[in-house]
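Structural description and commentary
These are the residues of each chain, in order.
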Amino acid sequence: MDHLNEQLKALRLGHAAQALDQQREQLSTFAELSFEERLGLLLECELLNRDQTKIQRLKRQAKLRLSAQASQLIYKEGRGLMRSKMSELLTGRYLHKHQNILITGPTGAGKTYVACAIAEQACERQYTVRYYRLSRLLDDLNSGKLDGSYQKQLLALSKKALLIIDDWGMEKLNQEQSSHLLEVLEDRYQESSTIVISQLPVKEWYNMISNATIADALLDRLIHNGHRIELGGESMRKLAQSDHLG
């Protein structure tokens, strides 16, 4: 009996081994099942737990700024968050179509929460995700240029099914920063999806890029076929504080 457990673990079927122990401990429950039925339960347990393990790993690797739940999204009148739009995005269809999502609105509007809720759903569907603040992404790419890891960084970013870039438009991008960002988005264009989060309306994004030629190319790759979520209304942070205070 113990030899069978060892064999299962050697085959990296640890969850099935645990399920086998459960069947042995609760023999009265499982005794009347056929061999195929008991084997099927072991394999089902293995597959389900492998999926959950993978999903948790994807969520850790995503490094999301917030732990956000789609069920906690607030569709308050005047906020600009539409159930019809979110229900479509939460299915993950935009990932299949390699479409982008552009989320804009003032400070406290809940932009990052909405993005992270969408990203959590992507992880649940076993897509690879990575969150970055724009300044951190640009710093990492600049460091990559200096230490020789730049191409490796670009390759890693290109392989993410969903890339989130937060705090877009906080400061104007210089020539080098714009070029780095264009390379990232060029690799991802029509191959994967990107979520951009910004306080600036989309129409003002052009002005944050110093080189007009790069601005045209960069924004074309972002805005083309992009879903737009324009948030407004009261600050969600103030509302949360108000609710907390009763």
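Residues numbered from 1 in each chain as written. Predicted model: local features only at pLDDT ≥ 70, side-chain atom pairs only at ≥ 80, totals over all residues. Heavy atoms only, no water.

**Here's the deal with empty space enclosed by the protein**
According to the stated counting rule, one finds one cavity of 30 Å³ or more in the structure shown. By volume, the largest cavity is sized at about 30 Å³. Together, Leu89, Leu90, Thr91, Gly92, Tyr94, Leu95, Ile118, Gln121, Ala122 and Arg125 line the largest cavity. When residues of the lining of the largest cavity are assigned to their parent elements, the largest contribution, three residues, is made by helix 7 (residues 111-124). (1 Å grid on protein atoms, 1.4 Å probe; cavity = no way out; pocket = protein on both sides within 12 Å on 5 of 7 lines; lining within 4 Å. Points joined across faces, edges and corners; volume = space filled by probe spheres on them. Helix = DSSP H or I, 4+ residues; strand = E, 2+ residues; numbered from the N terminus.)

**Comments concerning the confidence of the model for the chain**
Averaged over all residues, the pLDDT of the chain is 88; the fraction at 70 or higher stands at 93%. Long-range and interchain partners of residues 241-246, a stretch whose pLDDT sits below 50, account for zero contacts in this model, where long-range means more than four residues apart. (pLDDT = per-residue confidence, 0-100. Contact = heavy atoms within 4.5 Å.)

**Focus on the packing of helix 10 (residues 175-188) against helix 11 (residues 212-223)**
Where helix 10 meets helix 11, the axes come as close as 10 Å, and the angle between the chain directions of the two elements is 35°. Here helix 10 and helix 11 pass one another in a crossing that is left-handed. Taken together, the residues of helix 11 that come into contact with helix 10 (itself represented by Gln175, Ser178, Ser179, Leu181, Leu182, Leu185 and Glu186) are Ile214, Ala217, Leu218, Arg221 and Leu222. Within the contact of helix 10 with helix 11, the residues separate by chemical class into seven nonpolar, three polar and two charged. (Axes fitted to C-alpha atoms, helices over the stretch in contact; angles between N-to-C directions. Left-handed = near helix turned anticlockwise from the far one by under 90°. Nonpolar A, V, L, I, M, F, W, Y, C, P; charged D, E, K, R; others polar.)

**Considerations on a nonpolar patch on the surface**
On the surface, a cluster of nonpolar side chains totalling about 300 Å² of accessible area is made up of Phe35, Leu39 and Leu43. With respect to the secondary-structure elements, Leu39 resides in helix 4 (residues 35-62). (Patch = residues over 30% accessible without salt bridge, like charges linked within 9 Å, V, L, I, M, F, W, Y side chains within 5 Å. Areas by Shrake-Rupley, 256 points an atom, 1.4 Å probe, with all protein chains shown as cover. Salt bridge = Lys/Arg side-chain N within 4 Å of Asp/Glu carboxyl O.)

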